[in-house]
Amino acid sequence: MTTIKDNFDGINKQIMDTAISCGRKPDTVQVIAVSKRKSVETVMKGIQAGAKHFGENYIQEAIEKINIIGKEGICWHFIGHLQSNKAKFAVKYFEYIHTVDTLKLAKEIDKQAKKIDKIQKILVQVNIGKEETKSGTGIEEAIELTKQINTFENLSLQGLMCMPPYFSDPEKARTYFKLLVLIKEKIIARKMDNASMEHLSMGMSNDFKVAIEEGSTMVRIGTSIFGKRD
Ligand SMILES: *Cc1c(COP(=O)(O)O)cnc(C)c1O
């Protein structure tokens, strides 16, 4: 049996090799260890293995873990579907929120961030495969949403996030990653002042190499670090 440390080292090695082989600097790709449904003990093993970025999907579960583990030296990313009535907690606990997909949610995050005098880093999630079962703004709506987000003082738009349809052959995800890059370029062309747009949150255990080849800066890896979900 491999340990979390072995897995984490292995992933980092693969990220490095992939980045180098496509002419990118390895340190431009951040690995986010996705710890949803994993215990505090398991997250601690991830920390001991050297992970600094963690992704969580469920607010209540995340609050319980973060209250125990803390934020010192760790960057917490919210990557699950966020309801507006939970925005307050996401703002309080997370450095990044990857899943902003409606104006209503953006507005609420801005409002909650204002209350605690925080500039909240966000990404806009795009439903890149137009799947009914997935969250995310429509491809056509993404640019308009980022334009509106730019008017909110307490939001800092960091980039885009996507989750393509699942394929056992990761090569099939490539066109979706390319599409997200295209949308990002269209947004950058608009030169919005509070948008840095440096990040592309794309790539999971199955397809992160392809995502890195297409420009991902944040890969979200769960299964390949922590094993199958309980
Ligand atoms: C669970 C999850 C991941 C990690 O998926 P793995 O296939 O286990 O690596 C990444 N992103 C999101 C949004 C997830 O919900």
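So, here is what we can say about the structure in this document. The residue numbers shown here count from 1 along each chain, following its written sequence. Local features in this predicted model are restricted to residues of pLDDT 70 or higher, and side-chain atom pairs are both shown and tallied only at a pLDDT of 80 or more, whereas totals for entire chains, interfaces and linings draw on every residue. The side-chain values count all of the structure's non-hydrogen atoms but skip hydrogen atoms and water molecules.

Structural notes on the nonpolar core
Among the nonpolar cores identified, the biggest contains 66 residues, and Ile-97, Ile-109, Val-126, Ile-149, Leu-160 and Ile-225 are the most heavily contacted of them. Beyond its immediate sequence surroundings of up to four residues, Ile-225 is in contact with Ile-4, Asn-7, Phe-8, Ile-11, Val-31 and Ala-33. In this structure, Ile-32, Tyr-96, Met-161 and Met-218 belong to the second largest nonpolar core, which totals six residues. Only buried residues count toward a nonpolar core, which is a set of Ala, Val, Leu, Ile, Met, Phe, Trp, Tyr and Cys residues joined through side-chain atoms within 4.5 Å. Note on exposure labels: buried denotes an accessible area under 20% of the residue type's maximum, exposed denotes more than 50%, and partly exposed covers the range between, all computed with a 1.4 Å probe on protein chains only. In what follows, residue pairs with any heavy atoms lying within 4.5 Å of each other are defined as contacts.

Overview of the pattern of salt bridges
By definition, a salt bridge exists where a carboxyl oxygen of Asp or Glu is found within 4 Å of a side-chain nitrogen of Lys or Arg. For the structure on display, the rule yields 15 salt bridges. Residues Lys-5 and Asp-9 are paired through a salt bridge, measuring 3.1 Å at the closest nitrogen-oxygen approach. Here the residue Lys-5 and the residue Asp-9 both occupy positions in helix α1 (residues 4–21), the gap between them amounting to four residues, near one helical turn. We classify Lys-5 as partly exposed; its relative accessible area is 41%. For the salt bridge of Asp-17 with Lys-13, the shortest nitrogen-to-oxygen distance reads 2.7 Å. With Asp-17 and Lys-13 both in helix α1, this residue pair falls four residues apart, about one helical turn. Classification of Asp-17 as partly exposed rests on a relative accessible area of 39%. Put simply, Glu-171, Arg-174, Lys-178, Glu-213 and Glu-214 are held in one network by salt bridges that share partners. Each helix is a run of H or I in the DSSP string that is no shorter than four residues. Each strand is a run of E no shorter than two, and both are numbered from the N terminus.

Some points on the site of the ligand
A single heavy atom is enough: if one lies within 4 Å of a molecule or strand, its residue is considered near that molecule or strand. Taken together, 13 residues lie around the ligand, and Lys-36, Asn-57, Ser-205, Gly-222 and Thr-223 are the ones closest in. Two N or O atoms count as a polar contact when they lie within 3.5 Å, although within protein this holds only if one can serve as hydrogen donor and the other as acceptor, and sequence-adjacent residues are included solely when both atoms are side-chain atoms. One of the side-chain N or O atoms of Lys-36 is found 2.7 Å from an oxygen atom in the ligand. The contact in question runs from a nitrogen atom of the ligand to an N or O atom on the side chain of Arg-220, over 2.8 Å. Residue-level accessible areas treat just the shown protein chains as cover; the underlying method is Shrake-Rupley with a 1.4 Å probe. Protein contact buries 91% of the 390 Å² of open area that the ligand shows by itself. For the shell around the ligand, the residue count by class is six nonpolar, four polar and three charged. Under the scheme applied here, ten amino acids are nonpolar (Ala, Val, Leu, Ile, Met, Phe, Trp, Tyr, Cys and Pro), four are charged (Asp, Glu, Lys and Arg), and all others, including Gly, are polar.

Here we look at the packing of aromatic side chains
Pairing of aromatic rings covers Phe, Tyr and the six-membered ring of Trp, with a centre-to-centre limit of 6.5 Å; geometry is then stacked below 30 degrees between planes, edge-to-face above 60, and tilted otherwise. Counted under the stated rule, the structure contains three aromatic pairs. Centre to centre, the rings of Phe-54 and Trp-76 are 5.7 Å apart; their planes meet at 35 degrees, and the pair counts as tilted. Placement of Phe-54 in strand β2 (residues 53–56) and of Trp-76 in strand β3 (residues 75–78) is noted, with a sequence separation of 22 residues between them. Note on accessibility: Phe-54 and Trp-76 belong to one class, buried. Sitting over the face of the ring of Tyr-58, Arg-37 holds its NZ or CZ atom 4.1 Å from the ring centroid. Whether a charge lies above a ring is judged from NZ of Lys or CZ of Arg, which has to be within 6 Å of the ring centre and within 35 degrees of the ring normal.

Comments concerning the packing of helix α2 (residues 40–49) against helix α3 (residues 59–69)
Simply put, an axis is a line fit to the C-alpha atoms, just over the touching stretch for a helix, and the angle between two N-to-C directions goes from 0 to 180 degrees. Look at α2 against α3: their axes get within 10 Å of each other, and the N-to-C directions meet at 55 degrees. On the basis of their axis angle, the class for α2 and α3 is oblique. Judged by the sense of rotation from one axis to the other, the crossing of α2 with α3 is right-handed. Within the contact between the two elements, α2 uses Val-40, Val-43, Met-44 and Ile-47 and α3 uses Lys-65, Ile-68 and Ile-69. Working rule for angles: under 35 degrees goes down as roughly parallel, over 145 as roughly antiparallel, 65 to 115 as roughly perpendicular, anything else as oblique. Handedness of a helix crossing follows the sense of rotation of the near helix relative to the far helix, less than a right angle counterclockwise being left-handed and clockwise being right-handed.

With respect to a positive patch on the surface
Residues enter a patch when their relative accessible area is above 30% and they make no salt bridge; the linking distance is 9 Å between like charges and 5 Å between nonpolar side chains (Val, Leu, Ile, Met, Phe, Trp, Tyr). For the charge count, each Lys or Arg is scored as positive and each Asp or Glu as negative, with His and the chain ends excluded. Here the site of a charge means atom NZ of a Lys, CZ of an Arg, CG of an Asp or CD of a Glu. Judged by side-chain charge, Lys-71, Lys-88, Lys-92 and Lys-115 come together as a positively charged surface patch. By the secondary structure assignment, Lys-92 is in helix α4 (residues 87–93).

A few points about the environment of Val-29
Residue placement: Val-29 occurs in the loop between α1 and β1 (30–34). For Val-29, a relative accessible area of 9% gives the class buried. Non-local contacts of Val-29, meaning those with residues more than four positions away in its chain, are made with Ile-15, Arg-24, Ile-212, Ser-216, Thr-217 and Val-219.

Overview of the pairing of strand β8 (residues 218–221)
The side-chain alternation of β8 yields two buried faces, one formed by Met-218 and Arg-220 and the other by Val-219 and Ile-221. Note: β1 against β8, four bridges, orientation parallel. From the neighbouring strand, Val-31 faces β8, where its bridge partner is Val-219. The pairing criterion for strands is at least two bridges between them, as found by DSSP.

Bear in mind that shape data such as this cannot, by itself, settle questions of function.
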